[in-house]
Structures are given as structure tokens and as C-alpha cells.
Amino acid sequence: MATALVTGGAGYIGSHAVLVLLERGWDVVVVDNYSNSCEEPLRRIEAMTAKSIKRYQADIRDQSALAQIFAAHSIDVVFHFAGWKAVGESTEKPLDYYQNNVGGTLALLDVMRKHDVFKLIFSSSATVYGDPDSVPINEQAPTRTTNPYGASKLAVENILTDIASWDTRWSFAILRYFNPVGAHESGMIGEDPNGIPNNLLPYIAQVAVGKLPQLQVFGDDYDTPDGTGVRDYIHVMDLVEGHVDALQVISQRPGMMTVNLGTGQGYSVLEMVKAFEQVSGKPVPYRVGPRRAGDIATCYADPRLAKTILGWSAERDLSAMIRDTWRWQQKNPSGYLGN
């Protein structure tokens, strides 16, 4: 049986990927330092699947800890989700973001090489496109970042590109996410941010459930139909299924591929608020404040390459994204550890 190492496997996207991998017959080893997560989703996944997850509390920058993990397991592929991801925070802590996201990846790659593991699925971001010339955005669009978070993701992409160009042992899939939302349909695992959420949908959900008093809207003077930012929201289950499809492709060929994972449909902040109110039946009061540093007006994907290369396309619509988010929030009003 093949074994996948999942960095950041207790986090939002990583935990959903762990669940799908287990359901598809993989053994899974998780590495997470729990800086923005906890062990509870892994326990729940074990209960859901009746399978065990080998897990280690370690920082991916700690090469000694990583080396021990690789020595203890016959790892076939690495799914690399570990990283900090808040645009606004990255403008306040740029050095920390580079140390964690770029430094951590370099440490991981070095240990992989020493243990003859040469397949990596990398969690990148549509932020590498910066403020795009036009939408929808395809993979040939210029990369130019507007914040240190996006710049750290692009730096890792450049590193992987160089490695793949000069060392043919490696196979990489760079997956550029748009805006992951939603939760597993069971409501057992979902997004549980520390403190005030940085992402829109969990913020809306926490307002709707009464945990937060109102939504903070960052700017309503963008060049969009209602003045609020427009984004491409993709269900987290569609997203992680795209990772498994990418693994099937890179397992058959060395080199590197870069693919957008999005729906091709953009929704504004206020459209998301209205849609959530309709699905949940709960009011979502909001207050408009100034723009957030590093944000852009509009960003949504041209997802055709993923269909061509991976045979993948997003299947879950906006109502499913909101419905699953709301189910998770109702079942876990205070997150994993508040129940």
C-alpha cells in the first residue's frame, strides 16, 4: 500500500485531503506543528474512516525531525500544505512568512532528496497572479505579487521550476488555489481559524451563528459591480479531489505542471453575504471599513487546463459550499475544541 506524507495535515485543506486519501486506500503520515490547527480533526477522521493516521507534531523547518519521520516510513509522495496564508498578516510579518513558507519548503525538499522521495504536490495560490490584467486568469498570465504571502508562494514555485529543469528525478504539481470554502458534507471537519477569521466565508458563518457580532467588509470602492472584492470560491472537497487527480498524472511522468484549481465563476463579498443569508435563514450584519493591504479587486480562474490535463473540474456549486459551511458551523459553533 502506498504512503503519502501530508504536511499541515491537521489544517483546513490538509485534513480534507487526508480524509480523501484514506478513503482511496492510501496510508497517511501527517506532519503538523499545530500552530494554526489542532489534533481533533485527525481523531475525527480516524473515527469516520476506521483507519489510523500516523502523525507527528513537528515543524517542517526542523530537518532533524523530518529526517526521523522519513526514516520511519516508506513515503511515496508528499502533499505540501504547511504554510502561513493570511494576506494582511503577511504585510505585517514579511520575514516570518518567507522563513516559514520558503524556508520550510527548502528544508522539506532537502530531506525528501536524501530519502529518495521525488514526488511533491504543492499548495500554491492564485495570489501569485497579483492584480491581473484581465479575468478569467489562465496559467499563462503574468505572475506578479501584491503581498509577501503571494511572493512567498511564487518564490517556492520558482524553486520547484529550477529543480525540475535541472534534476529529472523530480515530479512536481503546482496547484494554484483560488478561494477554498465549505466543509465535508458530514459536518465533522471544516475550517476552524484561530481568532478572527482571515477568510470571508468562515467570518460570515461565525456572524450567522452568533459567535461574532458583524462582518467587517474591507472596502466597497473597488471597480466591481457592487464595489466589493470579487473572488472565485471553490469547495474544499473539489479542491482536494483535484490533488489526488494531480498525483495520478505526475506519477506517470517526471517534470512539473502548473494548474489552476477554481470554478471560473466570481462572486462579490456582498453576493456571498446575501447567498449565505438565503441558505441559512440567518441575518449577516456587516460594516464597511477601509481596504485591506495587499487585496485586489477581482480574481477568478480559467479552469480549462485542469480539465484537459487532470480530467478535473469543480462539481459543487455555491449553494453546496454555503450549505456545507453552515452545517459545519452549526455542529461546531466554537470550533473543534469548543464543543
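Anything mentioned here points back to the structure above.
Parameters at a glance
Residues numbered from 1 in each chain as written. Predicted model: local features only at pLDDT ≥ 70, side-chain atom pairs only at ≥ 80, totals over all residues. Heavy atoms only, no water. Phe/Tyr/Trp six-rings, centres within 6.5 Å; stacked < 30°, edge-to-face > 60°. Helix = DSSP H or I, 4+ residues; strand = E, 2+ residues; numbered from the N terminus. Buried < 20%, exposed > 50% of the residue type's maximum accessible area, 1.4 Å probe, protein only. Lys NZ or Arg CZ within 6 Å of the ring centre and 35° of its normal. Axes fitted to C-alpha atoms, helices over the stretch in contact; angles between N-to-C directions. Left-handed = near helix turned anticlockwise from the far one by under 90°. Contact = heavy atoms within 4.5 Å. Nonpolar A, V, L, I, M, F, W, Y, C, P; charged D, E, K, R; others polar. Pairing = 2+ DSSP bridges.

**Quick look at the packing of aromatic side chains**
Any pair of aromatic rings gets described here by the distance separating the centres and the angle formed by the planes.
Right, so step 1: Evaluation of the coordinates by the stated rule reveals 5 aromatic pairs.
Right, so step 2: For the pair Trp84 and Tyr97, a centre-to-centre distance of 5.5 Å together with 70° between the ring planes defines the contact as edge-to-face. Pair noted here: Trp84 is in the loop between β4 (77–80) and α4 (87–92) and Tyr97 is in helix α5 (residues 94–114), with a separation of 13 residues, a long-range link.
Right, so step 3: Aromatic side chains Phe118 and Trp170 sit 4.9 Å apart centroid to centroid with 90° between the ring planes, which places their arrangement in the edge-to-face category. On the criterion of sequence distance, the pair formed by Phe118 in the loop between α5 and β5 (119–125) and Trp170 in the loop between α6 (148–166) and β6 (171–177) is long-range, its members being 52 residues apart.
Right, so step 4: Among the residues examined, Phe118 registers a relative accessible area of 12% and is labelled buried.
Right, so step 5: Among the aromatic side chains, those forming a connected cluster through ring pairs are Phe118, Trp170 and Phe172.
Right, so step 6: Against the face of Tyr222 rests Arg291, its NZ or CZ located 4.0 Å from the ring centre.

**Describing the packing of helix α9 (residues 269–280) against helix α11 (residues 318–331)**
Right, so step 1: Relative orientation of the contacting elements α9 and α11 amounts to 65°, with a least axis distance of 10 Å. Both α9 and α11 take part in a crossing whose hand is right-handed. Where α9 approaches α11, its residues Met272, Ala275, Phe276, Val279 and Ser280 are matched on the opposing element by Leu318, Ile322, Arg323, Thr325 and Trp326.
Right, so step 2: Class assignment of the residues belonging to the contact of α9 with α11 gives a composition of 7 nonpolar, 2 polar and 1 charged.

**Remarks on the sheet that holds β4**
Right, so step 1: Strand order in the open sheet made by the 7 strands is β3-β2-β1-β4-β5-β6-β11, with parallel pairing throughout. Pairing within the sheet leaves two strands with one partner each, and these edge strands are β3 (54–57) and β11 (255–261). On average, each strand axis in the sheet is inclined to that of its neighbour by 15°, with strand direction left out of account.
Right, so step 2: Relative to β6, β5 runs parallel, the two sharing 7 bridges. Bridge assignment links Ser124 to a residue of β6, and that residue is Arg176.
Right, so step 3: The sheet contacts of helix α8 (residues 236–250) involve β4, β5, β6 and β11, and relative to β6 the element is tilted by about 155°.

**Some remarks on the pairing of β4**
Right, so step 1: With burial as the criterion, each face of β4 is covered, one bearing Val77 and Phe79 and the other bearing Val78 and His80.
Right, so step 2: Here strand β1 (residues 3–7) runs beside β4; their pairing, made up of 4 bridges, is parallel. Residue pairing in the sheet places Val6 in a bridge with Phe79 of β4.
Right, so step 3: The pairing of β4 with β5 spans 3 bridges and is classified as parallel. The residue of β5 that forms the bridge with Phe79 is Ile121.

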